[in-house]
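# Inside the fold
The residues making up each chain are set out below.
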Amino acid sequence: MNAAKRYEIFRRLHDDDPNPTTELAYSTPFELLIAVILSAQATDVGVNKATAKLYPVANTPEAIHALGVEGLSEYIKTIGLYNSKAKNVIETCRILIEKHSSQVPDNREDLEALPGVGRKTANVVLNTAFRQPAMAVDTHIFRVSNRTGIAPGKNVLEVEKKLLKFVPKEFLLDAHHWLILHGRYVCVARKPRCGACRIEDLCEYKAKTSDD
């Protein structure tokens, strides 16, 4: 795929949704961090239901840490892997309190040192909370990047690096959200809705469908 095609793809995605954001509900960097930790192998809808009950009661490192693993588990037990996530969140809160004055770090090294925070989670927080040009490649972005030809790669890190290189600078901050939403609602896994796709004529996927 050439640069002109890529530019037009992101121009259209921008025109359709000039201010995209995560579908996780949050109001502070800390709430976002916890929501992203909880979202691993879970849906945003499921996480939002749990945090809608949790955050009015506890939405700071101190308040969530005070709940303890058992107390936190009661709020998040509807989410997959909630036991291990509860342990990670409580430990993350302890580290934030003791090492970071209860503030979420704005750099990759400190974020990835937190329990339950891998490269993808760190990228989401850096991009969404701190507006840094980071690219969190989830299953949707990996699929869309490969299927369309925007940034094909054999693994997540390869796709991430290609997206950072190939996405036009002016669209880089929001590209993560556009690609996720496109993969979630249009370029879906089993049968892409090519007939309803704004970038169908630019996409290099060979087995296009007529579905809308």
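Let me begin by describing the structure that accompanies this report.

## Concerning the overall build of the chain
In terms of regular secondary structure, the chain is built from 10 helices and zero strands. Its C-alpha atoms give the chain a radius of gyration of 18 Å, near enough to 17 Å, the size a compact globule of 212 residues would have. Over its C-alpha atoms, taken along the principal directions, the chain stretches across nearly 55 × 30 × 30 Å. For the chain, buried positions account for 46% of its 212 residues. The contacts of the chain with a sequence gap of at least 6 include a subset with a gap of at least 24, amounting to 57%.

## Considering unusual backbone geometry
For Leu81, which is not a glycine, the phi torsion comes out positive at approximately 60°. With respect to the helices, strands and loops of the structure, Leu81 is situated in the loop between α4 (61-76) and α5 (82-99). For Leu81, a relative accessible area of 49% puts it in the partly exposed group. The phi dihedral of Ser101 is positive, around 50°, even though this residue is not glycine. Mapped onto the elements of the fold, Ser101 is located in the loop between α5 and α6 (108-112). For Ser101, a relative accessible area of 60% puts it in the exposed group.

## Remarks on helix α2 (residues 29-38)
Across the 10 residues of α2, nine count as buried, placing the element largely inside the fold. Within α2, burial applies to Phe30, Glu31, Leu32, Leu33, Ile34, Ala35, Val36, Ile37 and Leu38. Among the structural elements, α3 (44-54), α4, α5 and α7 (119-128) are those in contact with the buried residues of α2.

## Quick notes on α7
Of all 10 residues in α7, eight are buried, a share of seventy percent or more. Of all the residues in α7, the buried ones are Thr121, Ala122, Asn123, Val124, Val125, Leu126, Asn127 and Thr128. Buried-residue contacts for α7 involve α2, α6, α9 (156-166) and α10 (172-185).

## Side note on the side chain of Thr92
Within the element layout of this structure, Thr92 appears in helix α5. Separated by 2.9 Å, the side chain of Thr92 and the backbone oxygen of Pro115 make a polar contact.

## Quick look at the nonpolar core
Judged by nonpolar contacts, the single largest core of 34 residues is most densely connected at Leu33, Ile64, Leu72, Val89 and Leu111. Within the residue set of this core, elements represented by two or more residues are α2, α3, α4, α5 and α7. A total of eight residues in this core trace back to one element, the largest contributor, which is α2. When sequence neighbours within four positions are dropped, the list of residues in contact with Leu33 reads Thr92, Leu96, Val104, Leu114, Val117, Thr121 and Val125.

## Here we look at the environment of Ile90
By secondary structure assignment, the location of Ile90 is in helix α5. Look at Ile90 and you get buried, because its relative accessible area is 10%. For the pair formed by Ile90 and Leu72, sequence separation is 18 residues and the distance between their alpha carbons is 8.2 Å. In this structure Ile90 touches Ile64, His65, Gly68, Val69 and Leu72, once residues within four positions along its chain are discounted.

## What about the packing of aromatic side chains?
The description of two aromatic rings rests on the distance between their centres and on the angle between their planes. For the structure on display, the rule yields two aromatic pairs. Among the aromatic side chains, those forming a connected cluster through ring pairs are Tyr7, Phe171 and Trp178. Residue placement shows Arg6 over the ring face of Phe166; its charged tip is 3.9 Å from the ring centre. A cation over an aromatic ring shows up here: Arg147 above the ring of Tyr205, its NZ or CZ 5.1 Å from the ring centre.

The rules we used
Position numbers for residues start from 1 in each chain and track the written sequence from start to end. Local features in a predicted model are, by the rule used here, given only for residues with pLDDT of at least 70; side-chain atom pairs are given and counted only at 80 or more, and totals for whole chains, interfaces and linings are based on all residues. Each side-chain value is derived from all of the structure's non-hydrogen atoms; neither hydrogens nor water enter the calculation. Each helix is a run of DSSP H or I of at least 4 residues and each strand a run of E of at least 2, with the numbering of both proceeding from the N terminus. For this measure, only C-alpha atoms enter the radius of gyration; the expected value for a globule follows 2.2 Å times N^0.38, where N is the number of residues. Type-normalised accessible area, obtained with a 1.4 Å probe on protein chains alone, sets the label of each residue: buried when under 20%, exposed when over 50%, and partly exposed for intermediate values. Throughout, a contact is declared for two residues whenever any of their heavy atoms are within 4.5 Å. The term polar contact refers here to a pair of N or O atoms within 3.5 Å; inside protein, the definition further demands a hydrogen-donor-capable atom paired with an acceptor-capable atom, and it admits residues adjacent in sequence only when both atoms are side-chain atoms. Definition used in this section: a nonpolar core is a set of buried Ala, Val, Leu, Ile, Met, Phe, Trp, Tyr and Cys residues joined via side-chain atoms within 4.5 Å. Classification of ring pairs rests on two measures: the distance between centres of Phe, Tyr or Trp rings, Trp counted by its six-membered ring, which must be within 6.5 Å, and the angle between planes, read as stacked under 30 degrees, edge-to-face over 60 and tilted in between. By definition here, charges over rings are those cases where NZ of Lys or CZ of Arg is within 6 Å of the ring centre and within 35 degrees of the ring normal.

It is worth stressing that arrangement in space is one thing and function is another; only the former is reported here.
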